[in-house]
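# Descriptive structure summary
Chain residues, written in single-letter form:
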Amino acid sequence: MNKTAIMITALVAVLATAMVVGAVDKVEIRGAVQEVVDGATVTWTPQNFAGFYYDIDDDLGNEQITMTITGNKLEEPNGVKYTSTAQDNDFDFEDWGWYRSIGFLGENYFAGYSENKPTVDGVEIDPELYKQSTDTNTLVDEQLLKVLIDDDTERTFTSGTPLKLADGYELMIKSIDVDGNKVYVELMKDGQSVDTKVVSPSKDGATMSDKTYYYKKDIGDTEDLVIIGVHFKNAFRGADQDIATVDGIFQVSDQPMDVSVDTEYDKMRISSVTRDTIEMDNKDNAITLNKNKDTTLMAGIHIKTADQDVIDAENPLRFYIYKEVTEPGTYEIRGAVQQVVDGAQVTWDPKTFAGFYYDIDDDLGNEQITMTITGNKLEEPNGVKYTSTAQDNDFDFEDWGWYRSIGFLGENYFAGYSENKPTVDGVEIDPELYKQSTDTNTLVDEQLLKVLIDDDTERTFTSGTPLKLADGYELMIKSIDVDGNKVYVELMKDGQSVDTKVVSPSKDGATMSDKTYYYKKDIGDTEDLVIIGVHFKNAFRGADQDIATVDGIFQVSDQPMDVSVDTEYDKMRISSVTRDTIEMDNKDNAITLNKNKDTTLMAGIHIKTADQDVIDAENPLRFYIYKEATIEAAAPAPVVEEKPAVEEKPVVEEKKVEEAAPVNVTEEKPAVEEKVEEAAPAEEEAKPPAEEKGAPGFEAVFAVTGLLAVAYLVTRRN
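Counting its regular elements, the protein contains eight helices and 57 strands. Per-residue burial over the protein gives 45% buried out of 718 residues. Long-range contacts, defined as pairs at least 24 residues apart, comprise 55% of the intrachain contacts of the protein with a sequence gap of at least 6. About 35,600 Å² of surface is accessible on the protein, with carbon and sulfur atoms providing 46% of the total.

Right under this line is the structure:
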């Protein structure tokens, strides 16, 4: 296959992938990977654990977990210490001043209002929501409130359309006076009135109090706390309806979160609460960091340890903390936060950026991005350098040996088979999938294949139920001989036969070759590469059906990903490809790290900079790289429409039957049934076009057509 054909295939594959990219059912946001020995102390903060709350614009968020390792244990009560302190966080509507913000278990919570006075038009004024509250600090009552809305978007609502808030609240205009100076509003909660007030945003000399609607209530032991604030910009009385414009909303939950001393969160308990700080420890819960263990530490934050057979000074214990997210939404998986000045050089790798591929059990994955800052720029071609090198990765079915694994753009790819020989029962044997392939390295042909299945789960399939593989492939048993020694199998792809073979898993002295089914084909310029391997454990010929058990499956995609030199991924391009390594740079794409900027660097990996007004030696530029992951909401249950005439139908049908009684119905019925049975296949064949016409994503067909057309024109031009 020539390079143009590979390009067309890659474009189609990328488009198909883009239609579902990032859609998962859960997201693991991990912190920096730690490698520790006895007596070590390790710490995670928002700078190296994206599971903690962090606001890059204001550099807010200071949650911290510190662990002290004793042997392989986190002894109680101080093996794990957690602390977080409240900070002043400015409202999006800045003229209100600040509230006390605290990160807790990775979320932003409200801990009270700040008494610091904002400056409006050069004059200090009272902080409105602080002034209107009786109690202004919730931590003294050992409780927190979730921040629901903090927004300065300008929006208009009318007497006919209320202003929607969170948690079932909405604000309604009851009336506006003739001059538009006074607005009579009513607050509803789940359809019930809970408050009424008059605000006067348009009168001469209106103060912040005149322009602000507030609603306060008792929350637990905290009395008369403002939980909703709405700033009115102006109001207008119209002929048909009244209109008001708001440009500031702040709302916190009316359901408090208990953070009283001795409250337990899995292995952790709150040990101390002051008016500013929460501390936790692992009292009564010693934690052993055994191999291959997943421990829930506290409220969605876990500890994961590697599956290591040897842990010593040369092979220190590997582990990390992570947060598991299952709620629908789009999440940032960010790398370590960097604070840089002119001339600085910063680096992310899989241990500091969870968006890169990493296998903690085998310590695999070595993608790396290095940036060199010149002023506030990443100059081309070497302001950004990316590199990744293939490594031996053992098959889950270990007797096959290893394949060459490479992380690329955060995913695990296949780069070929390793010639290293596995040891089975004390004897070195040939690596089967390497041996059966003609070409064994895809990087020399500047392409990668996605790893689809790598599994050693034991499973049984029969002559009646094929073995399902990925990408439309399935393996079928055609027959098994009387002794169960030979299994005749057929490989299908989208219902079409592509290969047949005989494997002999049960014969005396069966070798790895006897027990392994393989399917190889040309992939781009790579010839006769095994893309599917299945290891048979045994087979049995039954009276009704034949049965086989497999305990190893490996499959890679038959659609290559083009990684040829000069291939571009947004701002990056591949600068070098060897049989082991891929390198990229930002040739022809200088990148300016302006304030409050989100730049797509390459294929889903972005750079985000802080919204900083001042950048100097005391206030270095803050930025990080990140990758997005999306959890899709479950599809709503289908609505079953009630048919109004359901009860009448049986009556009508009975009348028809009675009237038709003299006719010989029994003779006609078979004919009708035969017609239905004959028509069924035709109907089934006719259905797909109609269904596809309205299927989600059908527009992608036009996109593919466009891509193919472009590729064709490029080919002609060349």
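Turning our eyes to something else, we now look at the layout of surface pockets. For the second largest pocket, the calculated volume is near 1,300 Å³. What lines the second largest pocket is a set of 40 residues, among which Tyr53, Tyr54, Asp55, Ile56 and Asn108 lie closest to the centre. Looking at the lining of the second largest pocket element by element, the count peaks at four residues for strand β30 (residues 329–334). Looking at the lining of the second largest pocket residue by residue, the classes come out as 13 nonpolar, nine polar and 18 charged.

Here we come to empty space enclosed by the protein. Going through the model one piece at a time under the given rule, you end up with one cavity of 30 Å³ or more. Lining the largest cavity we find 15 residues, and of these Arg30, Ala32, Asn48, Arg334 and Thr352 sit closest to its centre. In terms of residue class, the lining of the largest cavity is built from seven nonpolar, five polar and three charged.

Per the counting criterion, the structure on display carries 39 salt bridges. Here arginine 573 ties to aspartate 566 by a salt bridge, and the two come within 2.7 Å at their closest N and O atoms. We classify arginine 573 as buried; its relative accessible area is 15%. The partly exposed category is assigned to aspartate 566, whose relative accessible area is 48%. Shared partners join several salt bridges into a network, and the residues in it are Glu35, Lys351 and Asp363.

Taken as a whole, this structure holds 38 aromatic pairs when the rule is applied. Their ring planes at 70° and their centres at 6.4 Å tell us that phenylalanine 104 and tyrosine 109 sit as a pair that is edge-to-face. By relative accessible area, phenylalanine 104 is classed as buried at 0%. The class for tyrosine 109 is buried, based on a relative accessible area of 10%. Ring geometry for phenylalanine 395 versus tyrosine 417: centroids 6.2 Å apart, planes at 35°, classification tilted. In this pair, phenylalanine 395 sits in the loop between β36 (391–394) and β37 (402–408) while tyrosine 417 sits in strand β38 (residues 411–417), placing the two residues 22 residues apart along the sequence. Exposure class is identical for phenylalanine 395 and tyrosine 417. Each is buried. Here a set of aromatic residues connected by ring pairs shows up, and it is made of Phe91, Phe93, Trp96, Tyr99, Phe110, Tyr113 and Phe250. The ring centre of tyrosine 626 lies 5.3 Å from the NZ or CZ of lysine 608, which sits over that ring.

Take the pairing of strand β41 (residues 447–455) next. Where β38 and β41 come together, two bridges link them in antiparallel fashion. Bridging from a neighbouring strand, phenylalanine 414 pairs with leucine 449 of β41. With two bridges connecting them, β41 and strand β50 (residues 561–562) associate as antiparallel partners. Bridged to leucine 448 within β50 is methionine 561. As defined by bridge partners, β41 adjoins strand β49 (residues 546–556) across four bridges and the pair is classed as antiparallel. Each residue of the ladder has a partner; that of isoleucine 453, found in β49, is glutamine 555.

With that out of the way, let us pick up the sheet that holds strand β32 (residues 345–348). Within the open sheet, the six strands sit side by side as β32-β33-β35-β53-β52-β51. Their pairing is antiparallel. In this open sheet, the two strands that pair with only one neighbour each are β32 and β51 (568–569).

So, about a negative patch on the surface. Together, Asp58, Asp92, Glu94 and Asp152 give the surface a local cluster of negative charge. Turning to its location among the elements, glutamate 94 is positioned in the loop between β8 (87–90) and β9 (98–104).

Attention now goes to the confidence of the model for the protein. On average, residues of the protein score 87 in pLDDT, and 85% of them reach the 70 mark or higher. Every residue in residues 645–718 is under pLDDT 50, and counting partners more than four places away or in other chains gives 19 contacts.

Cis geometry marks the peptide bond from glutamate 76 to proline 77; its omega dihedral reads 10°. With respect to the helices and strands, proline 77 occurs in the loop between β6 (73–74) and β7 (80–85). Although it is not a glycine, aspartate 59 adopts a positive phi angle of roughly 55°. Structurally, aspartate 59 can be placed in the loop between β4 (41–44) and β5 (64–68). Classification of aspartate 59 as partly exposed rests on a relative accessible area of 28%. At glutamate 446, a position not held by glycine, the phi torsion is positive, near 55°. Here glutamate 446 shows up in the loop between α4 (432–436) and β41.

Quick look at the sheet that holds strand β45 (residues 487–493) now. Strands sit in the order β43-β44-β45-β46 across an open sheet of four strands; the sheet is antiparallel. One side of each edge strand has no neighbouring strand; the edge strands of this open sheet are β43 (467–468) and β46 (496–503). Judged from the seven bridges that link them, β45 and β46 form a sheet pairing that is antiparallel. Considered in β46, the bridge of valine 487 is made with valine 503.

Mapped onto the elements, threonine 567 comes out in the loop between β50 and β51. The exposure class of threonine 567 is buried, given its relative accessible area of 16%. Through-space distance from the C-alpha of threonine 567 to that of methionine 584 is 9.4 Å; in sequence the pair is 17 residues apart. Beyond its immediate chain neighbours, meaning those up to four positions away, threonine 567 contacts Asp562, Met572, Arg573 and Ile574.

A separate point is the environment of aspartate 247. Tracing the sequence through the fold places aspartate 247 in strand β21 (residues 242–252). Here the alpha-carbon distance between aspartate 247 and valine 230, two residues 17 residues apart in the chain, equals 7.8 Å. Aside from chain neighbours lying at most four places away, what touches aspartate 247 is Phe93, Asp151, Asp152, Thr153, Glu154, His231 and Lys233. Polar side-chain contacts of aspartate 247 include one of 2.6 Å to the side chain of histidine 231.

This next bit is on the side chain of aspartate 455. When you line up the elements, aspartate 455 lands in strand β41. Apart from residues lying up to four places away in sequence, aspartate 455 is in contact with Asp396, Asp551, Gly552 and Ile553.

Analysis parameters
Residues numbered from 1 in each chain as written. Predicted model: local features only at pLDDT ≥ 70, side-chain atom pairs only at ≥ 80, totals over all residues. Heavy atoms only, no water. Helix = DSSP H or I, 4+ residues; strand = E, 2+ residues; numbered from the N terminus. Buried < 20%, exposed > 50% of the residue type's maximum accessible area, 1.4 Å probe, protein only. Contact = heavy atoms within 4.5 Å. Areas by Shrake-Rupley, 256 points an atom, 1.4 Å probe, with all protein chains shown as cover. 1 Å grid on protein atoms, 1.4 Å probe; cavity = no way out; pocket = protein on both sides within 12 Å on 5 of 7 lines; lining within 4 Å. Points joined across faces, edges and corners; volume = space filled by probe spheres on them. Nonpolar A, V, L, I, M, F, W, Y, C, P; charged D, E, K, R; others polar. Salt bridge = Lys/Arg side-chain N within 4 Å of Asp/Glu carboxyl O. Phe/Tyr/Trp six-rings, centres within 6.5 Å; stacked < 30°, edge-to-face > 60°. Lys NZ or Arg CZ within 6 Å of the ring centre and 35° of its normal. Pairing = 2+ DSSP bridges. Patch = residues over 30% accessible without salt bridge, like charges linked within 9 Å, V, L, I, M, F, W, Y side chains within 5 Å. Lys, Arg positive; Asp, Glu negative; His and termini not counted. Charge placed at Lys NZ, Arg CZ, Asp CG, Glu CD. pLDDT = per-residue confidence, 0-100. Polar contact = N/O pair within 3.5 Å; in protein donor to acceptor, adjacent residues only side chain to side chain.

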